[in-house]
Each structure stands twice: as C-alpha cells, then as structure tokens.
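# Fold and geometry: a report
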Amino acid sequence: MSIRRLPESLVNRIAAGEVVERPAAALKEVVENAIDAGASRIAVRLSEGGIAQMVVEDDGCGMTPADLALALERHATSKLPDEAIENVVTLGFRGEALPSIASVARLTIESRPAGASGWRRIVDNGVLVEEGPAALPPGTRLTIAELFARVPARRKFLRSARSEYAAALDVLRRLAMARPDIAFALEHDGRRIFDLQAGQAREERVALLVDRALADNAILVDLVREHVRISGVASLPTFNRGVADHQYLFVNGRPVKDRLLVGALRAAYADLLARDRHPVVALFIDLPGTEVDVNVHPAKTEVRFRDPALVRGLIVGGLRRTLSEQGFRSVQRPAAGMEAAWQVEPAAPSAPAFGGLFGAGPVRDLPPAMVAEATRSWTAPDVMPQGRAEVALAPPPESSDHPLGIARGQIANTYIVAEAEDGLVLVDQHAAHERLVLEGLRAGLAGQGVAVQGLLLPEVVELDEPACDRLEAAAVDLAQLGVEIERFGPGAVVVRGTPALLGNPDAQRLVRDIADDLAGFDVALGLAERIDHVAATMACHGSVRAGRVLNVTEMNALLRQMEVTPRSGQCNHGRPTWVKLSMGDVERLFGRK
Ligand SMILES: Nc1ncnc2c1ncn2[C@@H]1O[C@H](COP(=O)(O)OP(=O)(O)OP(=O)(O)O)[C@@H](O)[C@H]1O
Ligand SMILES: [Mg+2]
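Residues numbered from 1 in each chain as written. Chains lettered and ligands numbered in written order. Predicted model: local features only at pLDDT ≥ 70, side-chain atom pairs only at ≥ 80, totals over all residues. Heavy atoms only, no water.

This part is about the overall build of the chain. Looking only at helices and strands, the chain has 18 helices and 25 strands in total. The 593 residues of the chain split such that 49% are buried. A total of about 28,100 Å² of accessible surface is found on the chain, and carbon and sulfur atoms cover 54% of it. (Helix = DSSP H or I, 4+ residues; strand = E, 2+ residues; numbered from the N terminus. Buried < 20%, exposed > 50% of the residue type's maximum accessible area, 1.4 Å probe, protein only. Areas by Shrake-Rupley, 256 points an atom, 1.4 Å probe, with all protein chains shown as cover.)

Once that is clear, we can look at the sheet that holds strand β15 (residues 281-286). Taking strand neighbours across the sheet as the criterion, the five strands line up as β9-β10-β15-β12-β13 in an open arrangement whose pairing is mixed. Edge positions in the sheet fall to β9 (218-225) and β13 (254-256), since each of these pairs with one other strand and no more. Going from strand to strand, the sheet's axes swing by 20 degrees on average, the running direction of each strand aside. Two elements, β9 and strand β10 (residues 228-235), share eight bridges in a ladder whose sense is antiparallel. The partner of Asp222 across the bridge, within β10, is Ser231. Strands β12 (247-251), β13 and β15 of the sheet are contacted by helix α6 (residues 161-178), whose axis makes an angle of about 55 degrees with β12. (Pairing = 2+ DSSP bridges. Axes fitted to C-alpha atoms, helices over the stretch in contact; angles between N-to-C directions. Contact = heavy atoms within 4.5 Å.)

All right, on to the packing of helix α8 (residues 259-268) against helix α9 (residues 308-324) then. Closest axis-to-axis distance for the α8/α9 pair is 9 Å, and the angle between their directions is 30 degrees. For the element pair α8 / α9, the angle class is roughly parallel. In the packing of α8 onto α9, the handedness of the crossing is right-handed. Facing α8, whose interface residues are Leu260, Leu261, Gly263, Ala264, Leu265, Ala267 and Ala268, α9 presents Pro308, Val311, Arg312, Ile315, Val316, Leu319, Arg320 and Leu323. In terms of residue class, the contact of α8 with α9 is built from 12 nonpolar, one polar and two charged. (Parallel < 35°, antiparallel > 145°, perpendicular 65-115°, else oblique. Left-handed = near helix turned anticlockwise from the far one by under 90°. Nonpolar A, V, L, I, M, F, W, Y, C, P; charged D, E, K, R; others polar.)

Lining the immediate surroundings of ligand 1 are 23 residues, of which Asn33, Thr77, Ser78, Lys79 and Arg94 lie closest. Glu29 has a polar side-chain atom sitting 3.3 Å from an oxygen atom of ligand 1. One of the side-chain nitrogen or oxygen atoms of Asn33 is found 2.8 Å away from an oxygen atom of ligand 1. In isolation ligand 1 offers 600 Å² of accessible surface; the protein chains occlude 95% of this area. Elements with a contribution of two residues or more to the shell around ligand 1: α2 (23-36) and α4 (97-102). When its residues are assigned to classes, the shell around ligand 1 shows 10 nonpolar, seven polar and six charged. (Near = heavy atom within 4 Å. Polar contact = N/O pair within 3.5 Å; in protein donor to acceptor, adjacent residues only side chain to side chain.)

A separate point is the packing of α2 against α6. Where α2 contacts α6, the two axes come as close as 8 Å, and the packing angle between them is 25 degrees. One way to sum up the angle between α2 and α6 is to call them roughly parallel. Taken as a pair, α2 and α6 cross one another with a handedness that is right-handed. Residues Pro23, Ala24, Leu27, Lys28, Val31, Glu32 and Ile35 of α2 form the contact with α6, whose own contacting residues are Glu164, Ala167, Ala168, Val171, Leu172 and Leu175. Partitioned by chemical class, the residues of the contact of α2 with α6 number 10 nonpolar, no polar and three charged.

Turning to the nonpolar core, a few remarks are in order. With 64 residues, the main nonpolar core has Leu27, Val31, Ile42, Val44, Ile144, Met177 and Phe184 as its most contacted residues. Looking at which element gives the most residues to this core, the answer is α6, with 10 residues. If sequence neighbours within four positions are ignored, Leu27 has contacts with Val44, Leu46, Met54, Val56 and Ala168. If you look at the next biggest cluster of nonpolar residues, it comprises 35 residues, including Leu273, Leu287, Phe305 and Leu310. (Core = buried A, V, L, I, M, F, W, Y, C linked by side-chain atoms within 4.5 Å.)

The next thing to look at is a nonpolar patch on the surface. On the surface, a nonpolar cluster with roughly 250 Å² of combined accessible area is contributed by Leu6, Leu10 and Ile14. Considering the arrangement of structural elements, one finds Ile14 in helix α1 (residues 8-19). (Patch = residues over 30% accessible without salt bridge, like charges linked within 9 Å, V, L, I, M, F, W, Y side chains within 5 Å. Salt bridge = Lys/Arg side-chain N within 4 Å of Asp/Glu carboxyl O.)

Attention now goes to the confidence of the model for the chain. Mean pLDDT for the chain: 80, with 83% of residues reaching 70 or above. Contacts from residues 332-386, a stretch scored under 50 in pLDDT, to residues over four places away or in other chains number 65 contacts. (pLDDT = per-residue confidence, 0-100.)

Dropping the structure here:
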C-alpha cells in the first residue's frame, strides 16, 4: 500500500477523537478559549447535557473576520508568541480545538472585536456552510450543535444527558474555581445553575461551587518550598465524602487530573481518614513554567513535573503539618444526614464567612434535636442509667487553659462529660484514646523509637509464608515501632515484645493485623507511609479504654493530653472525637435566651 498525506478534514476528525470525546471536553476547550481571550464574564447555556447544543458567550477580545477564518484552521493559534511551549501562559496553545470541534459538529462562531463590527461563520462537520455579518456585543459567541450527529461511532458512546451534564458541570466548576476574577454563569435546559460574581475570594468561590458548609469546615493552605507554592483549601478530616470527586487540583491555573497529586493527597490524609472516605480539597500549585511540562496530553489535563518528589513532598508534608496545627479542632457541623434528622425547627442561619474560620467551637446548630428530646414526655427507663457524676470540686476552667474543660462524669462507660468555660463538652473516650495512642507511637517513631514491653512468654504466630516474608522484611521498622518479631521457620514468626503504649495487646491479633496491613498496601507507597499505616492499625489495638470505667483523674488526664496532641480532633477514621454544646445553646434549650 502506498503512503499518502491525509486530507485535512480527516486529520481534524482524528484529532477530534482525542480532544473532544464528549460534550464536556468541547465545553472545556471553548471556555478555555474565552478565558484566554481575556473575558471578564463567561455565560454557558447547555441543552440536554450539551448533546443537543452548547452556547458559550464571552466579552473577551473577539476576532476579526480574517482571524475567524484562521481560528478554524489546524495549528493556527495566536497564543505562542515564540517557539517555547514552557513560556506559555494561556490555557490553549495547540491550535487544534476549534477545527477539531468543527469537524464533528455544527459550529457557529460569531465574534466582534471592540470598535469593529461582528462576523459569523458556520461550519458543519468540517464544511463552511455560511458566513456574513453578525450583530452581537463585543466578544465571541460559540454555538456547538448536534455534536457527533454524523459520527455514529462516537455518538454511540455518549452517555445519558444527565451524565453528560454532570461531566460538563465538573469541567465548568474547575475552570470557575481557577479564575475567581471572572464572572461565570451556567444554565441547563433553561434552569439557572449558578451565577457567580467576579472578584470573590478564591476560598469563597470554591465553597459556593462545592458545598457552602466547606467554609466552616476547611483550612486555608499556603505552603512554599523552593520555587513551588501550594495554596487553596482543604477540608478538616471530619468533613469527608464517600467519593473522591471533590478533589480539585490546578497547576499554574490549569485544572489537572494527576495521579501523582491524587496519591499525595491520599498520603496526606492517610491516617486521618478511613480508606473509603475522601477529603474535599481545592489546591492550586504554582511553579515556574520550566519546572512543568503541560504538553503531555492533547486534552492538557495531565502534567509532568521536573521534580515530582518536591511537589509530592510539599503536599504530603505541608498538608499534614497544616492539618496537625489544627490540633484538637473537630468538625463544626454534624454529618448532613444527622442534621436533617434534627431539623424540627428551622436551623439558625449559619455564618457564611471564612473569617470566623478558627473562632467558634464545633457543632453550633445543635439545639433543635435537644428541644425535640425535651418535649417528648418522659418515662422512667427500664434500665438504670450508667452515668456517674463527680462532685464538682474544681471550678470551671479558663477557656484559654483548658478548652476541653474539666471532667464532670462519664456516660455509658464511653463518653466523658466535661464542663468548659463556654459550654458542655462530650468526648468519645475510645476514639480520642485511639488517636492519642497513634500520636504517641508517631512521636516515638520520630524520636528514639517506641518503648517496648517484653513478653514474659514469647508468642508464636503462625501465618502463611508470604505474610511471614513481609513481616520479616519489615522487622527493623516494626522494632522501631515497638514490635519485636523474628522469623520462626517458614510459616511462623515469634513475637518477643509489643509497644508499651498499647498496654497488654493480644499479640496474635496484633501481628495478624499488621501482616494484613503490609499485604494491603500499594507497593508505590513509601516505607515511611507504610509504617504510618501500621501505626494506625496498632493504635486500634491500644484503645484499651473502650467501655472502661474511668475516674475523674483519668478523664482529666485524657482531656489534657488531647489539648496538646496534634490532630486529636478526629479519630483515625475521620470521625470527631469530641463535640461541644455552647453555654448559649444550653440556655436556649431552657428558654432562658
Ligand atoms: N472566544 C474567543 N475569543 C477570541 N479569540 C478566540 C476565541 N476562541 C478562539 N479564539 C482564537 O482562535 C484560535 C484558535 O483556537 P483553538 O482553541 O483552536 O486553539 P488554541 O486555543 O490556540 O489552542 P488549543 O488547541 O490548545 O486550545 C485561538 O488561538 C484564538 O486566537
Ligand atoms: Mg483553545
């Protein structure tokens, strides 16, 4: 077979395969063009998830009739001033989005530069069908209709209008987050979805686009190392989701979906969340163009860092540090489902501002539930309550000294009731203690190693050979963590000591769990992270205080330790370890306020 050059229409259609695989991808390209054109307002209207039609209007620089013709030609771009891709500051640079879209849809472009008149070009599946003057305000209006109508192989792969819409919304959300200086509006099938003002603070825009409650449940991130800066918002571990959809990552203002970055996020929250829970984050990474290659993928959603370890290290280390600086801070609002169950009265309007981020204590909107409880008629319980109250000898503390208060009693052998200067604190002693044990193990790891308590009788644990191999390979690190094991034949290990912090754990179960943990890890995880996971597993075994009767001295010791321990506001699975009912809430319950 002889070699021939492909006709341009075919080349465009082949490129379209990569660049516009669904409506959301085409939308991304045209909205990026509007951003690159310097628009201050971008309005998007979708019909049937963008399958039937997408209209994008901007008030950017517009194009002259001559530019309009060029824009539809392959590899024609106004965006690369010199030959160096690393110097590109625009979202586009390949000069192929518009011709690709035009080859698989009916594309109408109307455009008008300031001080000139407008012009229109209609291209139907690669063929120019109409051109002439157009009336519109300065800027550009792009209409993409009947996407893939003539490309049945592609059309077949489109999902329902609903899921195409979800993908389009995701694209627009990301671009709108990247540029709070631009106003964005979205309409779907005639319904207004959002209308965002220009000039919002970035964290405010993120909260408006993702979840307004994020404003009260996130921390502001701002980290710098060498030439890399990472800023944005990250949810408290207690504010988590069942899916990883709400992780928005940007490199030099470009939304990306990058495995390295996603992995780093997972590592940063590793022991703060159960493995099936995910944080909500919007992180903006800025670094010099020479440090990152954006030309890795036609859709430009992947990047390659020159120094991936630096970026990863900054995310993992910096985010962990930022989260740990939150100390015992816990979620400010109970889970959405729980809150709904409590809505017997309209909830008090919650403060929207990020300004109060570090001010108020957690769980401010609690009272309605308590009101509901209180109004239910009281009958004597069948079982005597288990609570024990202590005589209130100590005066209520100064909040600055003891934010978690002075212990007053224990309920169900599980919850500590404490009186703080400004309210009533409830602590889940099991969850809190587990957290303290983990932080203790970590401190030991970072320092001299964790103190070991030798077993009077070494214990033999039988396991399959690969499990024994893994334990043997990790023996040195496990010793650092206070677990002393040795290989004992092909199918067993012998345990000689366990961490003193754990009290008297069941050595059999402990070692089996560690072996499972070692097997479950992604080999890509660094050793330090693997050991950290093991520490979290061990902490579960150390929570000897679950269901245990504590005296006031022990309870106070736990509270004091929580106050000085990093990350003690959530257990190792991301649940809160304590909640507070403010004095004002209590007074409202009794109608005193
Ligand atoms: N909304 C718009 N306003 C003004 N000019 C535009 C607009 N959309 C496209 N253009 C012009 O058309 C050119 C071609 O756009 P196209 O999206 O095909 O390529 P690109 O943005 O340069 O690169 P890429 O393929 O990476 O997106 C742009 O370089 C720009 O000059
Ligand atoms: Mg473009």
